[in-house]
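Listed here are the chains, written in short residue letters.
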There are 2 protein chains.
Amino acid sequence: MNEIKLDKKVNFDNIKDKVRVFAPATVANMICGFDILGFAVNEPGDEVKMYRVAEPGVRIRSIAGDDGRLPLDADRNTVSACVKMLLSDLGVADTIGVEIELIKHMPIGSGLGSSSASTVAGLYAINALLGAPLTKEELMPYCVEGERLACGHGHADNVAPALMGGVTLIRGQEALDIVKLPVPGELYAGIVFPQVDVPTRDARQLIKDKVLLKDAVVQWGNIAGLIAGLFQNDYDLIGRSMQDVLIEPTRAILIPEFYEMKRIALECGALSFGISGSGPSVVAISRGADIARVATAKIKEHLSSKEIDSYQYVSAVNVEGPRLLDFDA
Amino acid sequence: MNEIKLDKKVNFDNIKDKVRVFAPATVANMICGFDILGFAVNEPGDEVKMYRVAEPGVRIRSIAGDDGRLPLDADRNTVSACVKMLLSDLGVADTIGVEIELIKHMPIGSGLGSSSASTVAGLYAINALLGAPLTKEELMPYCVEGERLACGHGHADNVAPALMGGVTLIRGQEALDIVKLPVPGELYAGIVFPQVDVPTRDARQLIKDKVLLKDAVVQWGNIAGLIAGLFQNDYDLIGRSMQDVLIEPTRAILIPEFYEMKRIALECGALSFGISGSGPSVVAISRGADIARVATAKIKEHLSSKEIDSYQYVSAVNVEGPRLLDFDA
């Protein structure tokens, strides 16, 4: 984290007693844009309640919704570790004390950016608690570092849309260069999370190091078409473009009933269908909520017939990213 | 050409006696978008004069500016062969007679879409002569077929911008899907054509069939950034994005002084510098004409010092494609 240079001061007059933050789940890759595209949804997402306390340091009070899988140790928990890092870079690690309640409203290992949602919620919360000394752009490197702690690699394809909202492009990964893209208003995601386990690391290892140039050309033609479609509000172009010839054929192997789910979604009128991140969640992108709703319901029904439980979510693209929640709501 | 289905009728009342058409040179790939992107320039370009004659059939009267390299035989010449094909598909091959003068204002084998400019000029001319029964979209497959005749492969990355004007995206190659992209008004190309011979076929054969996925990810991040930059009039983003990590390192080997020319262009303030199509022409993309002018002049000077002759052109992006010229001008 030596690359993060902060020249910000905390104004102690602005510090709040407590904040409550929601940060959204995200669909990385947006089907055709492996490692560069992603978008946020309105649900599911994670929640952080953060309290200022007298004793300096960062502590986790409680974690809900994780089935006991996440560490309460503040140095090992990604959320608290990132918060500590930011406090340290702001020069207030020895003076500020906070306690965190993490409430996970989404499953871990779903391919929906679960760790990113928690990290972004935590960092957005500490920044809000401190009176917002940092911009979202300045928070981004901390979010990426959180992803590195959580997953072993610092990809921004989940944290970028979770923090910025909307559809984000990671133009450059090494020197982080994130571009926020426009979102056509009727773009909906119908997400189904089948209850099967596909760890991100395994899903990545399946992918070959080399690809055929001619396939890469097809892929980047589609990526370019998707970007143009987003700017032009051209749903047909968006649909034609959201095809993944490179990664999906490999990752689909790990997801039971993938091609049958795809058939169902497209038959329901979805613009496109594919894997969310590294899976096993899948996403039907559609114009309007109705198609997304029908597609996810039919997919859930099909999975049930195969004795696979699933969660489903239908949401427009979330354009704001994390948001402050009323504490007493 | 069995895939082309035309359901168009020629209205004999609309046929003109003669037309004169200019079609622009093109910069395929637009540095980072191998096989999918391209743009047209205002100069150089090719010119076709077409005359209706009584005797049915298509004949070449003359070709200027080709140093005798192009065939006058109407079946072997790409321009006349495409015109014949179109007349045949319109059902008027046995009734309409035309004679063609092809005036090449640009060098062959330059990497500037020389054959495409001629093909597009010829097809635009015959369509105009016949009273424009076809739209540009309907002409496109004939242009692609012309490219196949000329180069042995039916890539649309030169004919698409030559015919449509502006910056074009070939989203799909197999089922041709061409998207016209917006062009920021201050985008200029400074082109230098060094007098060295790099046949397209050789330049393609150098390129490896397989690429590293991680390099492809960098490339499609750049492609996506370029598309976003074009829509947002963001010259910095356009410049950051126009980097080719996949093709340039191989093709640059064939172009003497490539990296020195690149250094000069970037030092002059060009947004980006790279190979036009398969080379040997190179292009400095810049904001405004001045930088393009200075960069090309300095590059030409450098090449002269190495005893390499060169042509240079400075042009805004051509947004209209081919145009009718006054016959007596």
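From a predicted model like this one, the values you see are computed outputs, not experimental measurements. Once a new chain begins, its residue numbering starts again from 1 and follows that chain's sequence as written. Lettering of chains starts at A and numbering of ligands starts at 1, both following the order in which they are written. Side-chain atom pairs in this predicted model are given and counted only at pLDDT of 80 or more, local residue features only at pLDDT of at least 70, and totals for whole chains, interfaces and linings cover all residues. Excluding hydrogens and water, the side-chain figures rest on all heavy atoms present in the structure.

## Looking at the interface of chain B and chain A
This is how the line gets drawn: Residues count as neighbours in contact if any of their non-hydrogen atoms are within 4.5 Å of one another. Throughout, the accessible surface (probe 1.4 Å) given up by two parts as they are put together, summed over both, is called the buried area. The working definition used for a salt bridge is a side-chain nitrogen of Lys or Arg within 4 Å of a carboxyl oxygen of Asp or Glu. For the purposes of these results, a polar contact is taken to be a pair of N or O atoms within 3.5 Å, where, inside protein, one atom must be able to donate a hydrogen and its partner to accept one; residues adjacent in sequence count only when each atom of the pair is a side-chain atom. Elements are defined by DSSP. Helices are runs of H or I of four residues or more, strands are runs of E of two residues or more, and each kind is numbered from the N terminus. Each residue gets one of three labels, nonpolar for Ala, Val, Leu, Ile, Met, Phe, Trp, Tyr, Cys and Pro, charged for Asp, Glu, Lys and Arg, and polar for the others, Gly among them. Pairing between strands is defined by DSSP: at least two bridges between the two strands are required.
Taken residue by residue, the interface counts 36 residues in chain B and 36 residues in chain A. Counting the surface lost from both chain B and chain A, the interface buries some 2800 Å², and carbon and sulfur atoms represent 74% of this. Counting the surface chain B buries against chain A, the share from its top three residues, B:Arg171, B:Leu213 and B:Trp220, is 27%. Where chain B packs against chain A, one counts 2 salt bridges. Among the ionic pairs, A:Arg240 bridges to B:Asp177, the shortest N-O distance being 2.6 Å. Remark: the boundary between chain B and chain A carries 11 residue pairs in polar contact (both at pLDDT 80 or more). At the level of elements, strand 5 (167-172), strand 6 (177-181), strand 8 (210-212), helix 6 (213-232) and helix 7 (235-241) of chain B are the ones that each hand at least two residues to the side of chain B that touches chain A. By residue number, the principal contributor to the side of chain B that touches chain A is helix 6 of chain B, which donates 14 residues. When the residues that make up the side of chain B that touches chain A are grouped by side-chain class, the tally is 21 nonpolar, 7 polar and 8 charged. Inspection of the sheet shows strand 8 (residues 210-212) of chain A paired to strand 8 of chain B by 3 bridges, in the antiparallel sense. Along strand 8 of chain B, the bridge assignment pairs A:Leu212 with B:Lys210.

## Observations concerning the packing of helix 9 (residues 258-267) of chain A against helix 10 (residues 289-305) of chain A
Residue and element names in this part refer to chain A. As a reminder of what qualifies: To define axes, lines are fitted to C-alpha atoms, for helices over the stretch in contact only, and angles between the resulting N-to-C directions are given on a 0 to 180 degree scale. Working definition: roughly parallel below 35 degrees, roughly antiparallel above 145 degrees, roughly perpendicular at 65 to 115 degrees, and oblique for all remaining angles. By convention the crossing between two helices is left-handed if the near helix lies anticlockwise of the far one by an angle smaller than a right angle, and right-handed if it lies clockwise.
Packing of helix 9 against helix 10 brings their axes to within 9 Å, and their N-to-C directions diverge by 150°. As far as their axial angle goes, helix 10 and helix 9 are roughly antiparallel. Judged by the sense of rotation from one axis to the other, the crossing of helix 9 with helix 10 is right-handed. Facing helix 9, whose interface residues are Glu260, Met261, Ile264 and Ala265, helix 10 presents Ala295, Lys298, Ile299, His302 and Leu303. Residue composition of the contact of helix 9 with helix 10, by class: 6 nonpolar, 1 polar and 2 charged.

## Quick look at the side chain of A:Ser286
Residue and element names in this part refer to chain A. Within the secondary structure layout, Ser286 lies in strand 10 (residues 282-287). A distance of 3.2 Å separates a polar atom in the side chain of Ser286 from the backbone oxygen of Gly288. Side-chain polar atoms of Ser286 contact the backbone nitrogen of Ala292, separated by 3.2 Å. Beyond its immediate chain neighbours, meaning those up to four positions away, Ser286 contacts Glu186, Leu187, Tyr188, Ala270, Leu271, Ile291 and Ala292.

## A word on a positive patch on the surface
Inclusion rule: The patches described consist of residues with a relative accessible area above 30% and no salt bridge, like charges being joined within 9 Å and nonpolar side chains (Val, Leu, Ile, Met, Phe, Trp, Tyr) within 5 Å. Note on areas: Shrake-Rupley with a 1.4 Å probe; residue coverage comes only from the protein chains shown. In this count, Lys and Arg are taken as positive residues and Asp and Glu as negative ones, while His and the chain termini are left out. A single reference atom marks each charge: NZ on Lys, CZ on Arg, CG on Asp, CD on Glu. Buried, partly exposed and exposed residues are distinguished by accessible area as a fraction of the type maximum, computed with a 1.4 Å probe on protein chains only: under 20%, between the cut-offs, and over 50%, respectively.
Side chains of A:Lys208, A:Lys210, B:Lys208 and B:Lys210 sit close together on the surface and give a patch of like positive charge. When its relative accessible area of 62% is taken as the criterion, A:Lys208 is described as exposed.

## Some words on the domain arrangement of chain A
All names here are of chain A. Filter applied, for reference: In this entry, domain limits derive from an automatic or database-based domain assignment.
What the domain assignment reports for chain A is domain 1 (12-180) and domain 2 (187-316). Counting residues at the interface gives 28 residues for domain 1 and 36 residues for domain 2. The contact between domain 1 and domain 2 buries some 2400 Å² in all, and 65% of this surface belongs to carbon and sulfur atoms. The three residues of domain 1 that bury the most area against domain 2 are Ile31, Cys32 and Phe34, which together make up 29% of that side's buried surface. Counting the contacts that link domain 1 with domain 2 gives 0 salt bridges. At the boundary of domain 1 with domain 2, the tally comes to 5 residue pairs in polar contact (both at pLDDT 80 or more). Listed by contribution, the elements that provide at least two residues to the side of domain 1 that touches domain 2 are strand 1 (18-28) and strand 2 (37-53). With 7 residues, strand 2 is the largest single contributor of residues to the side of domain 1 that touches domain 2.

## Digging into the relation of the copies chain B and chain A
As a reminder, the rule being used: Least-squares superposition aligns the copies on the C-alpha atoms of those residues with pLDDT at or above 70 in both.
The transform that puts chain B on chain A rotates by 180° and translates by 0.0 Å along the axis, for an RMSD of 0.0 Å. Here the copies are linked by what is in effect a two-fold axis. Looking at the interface residues of chain B, 100% of them are also at the interface in chain A, so both copies use one shared face.

## Observations concerning the environment of B:Val179
For B:Val179, the location among the structural elements is in strand 6. As for B:Val179 and B:Leu37, which are separated by 142 residues in sequence, their C-alpha atoms are 9.7 Å apart. Non-local contacts of B:Val179, meaning those with residues more than four positions away in its chain, are made with A:Ala228, A:Gln232, A:Leu237, B:Val167, B:Thr168 and B:Leu169.

## Topic: the UniProt feature "binding site: ATP" (unreviewed entry) in chain A
All names here are of chain A. Note the threshold: UniProt positions are given in the numbering used here, feature names are shortened, and annotations may be inferred rather than shown by experiment.
The UniProt feature table records "binding site: ATP" (unreviewed entry) at Pro107, Ile108, Gly109, Ser110, Gly111, Leu112, Gly113, Ser114, Ser115, Ser116 and Ala117. Along the chain, Gly109 falls in the loop between strand 4 (97-104) and helix 2 (114-129). Beyond its immediate stretch of four places on either side in the chain, Ser114 contacts Asp46, Lys104, Met106, Pro107 and Ile108.

## Some details on the sheet that holds strand 9 (residues 272-275) of chain B
Residue and element names in this part refer to chain B. Pairing in this open sheet of 4 strands is antiparallel, and the strands run 9-10-7-11 from one edge to the other. Each edge of the sheet is formed by a strand with only one pairing partner; in this case those strands are strand 9 and strand 11 (310-316). Going across the sheet, the axis of each strand differs from the next one's by a mean of 20°, ignoring polarity. The sheet contact formed by strand 7 (residues 187-194) and strand 10 (residues 282-287) spans 6 bridges and is antiparallel. For Val192, the partnering residue across the bridge sits in strand 10 and is Val282. On the sheet, helix 9 (residues 258-267) packs against strand 9 and strand 10 and is oriented at approximately 155° with respect to strand 9.

## Looking at the pattern of salt bridges
Tallied over the entire structure, the rule returns 35 salt bridges over all chains. For B:Arg59, the salt bridge goes to B:Glu99, with nearest N and O atoms at 3.4 Å. Of this pair, B:Arg59 sits in strand 3 (residues 57-64) while B:Glu99 sits in strand 4 (residues 97-104), and the two are 40 residues apart along the sequence. Note that B:Arg323 is salt-bridged to B:Glu320, the shortest N-O span being 4.0 Å. The exposure class assigned to B:Arg323 is partly exposed, which follows from its relative accessible area of 31%. A network of salt bridges, in which partner residues are shared, links A:Glu55, A:Arg59, A:Arg61, A:Glu99 and A:Glu101.

## Details of unusual backbone geometry
All names here are of chain A. The step from Glu43 to Pro44 runs through a cis peptide bond, and the omega angle for that step is 0°. Among the secondary structure elements, Pro44 is positioned in strand 2. A positive phi angle is found at Asp35, which is not glycine, with a value near 70°. Mapped onto the fold, Asp35 is located in the loop between strand 1 and strand 2. A relative accessible area of 7% means that Asp35 is categorised as buried. Phi angles above zero are rare outside glycine, and Ala132 is one such case at about 60°. Relative to the assigned elements, Ala132 resides in the loop between helix 2 and helix 3 (136-151). Among the residues examined, Ala132 registers a relative accessible area of 48% and is labelled partly exposed.

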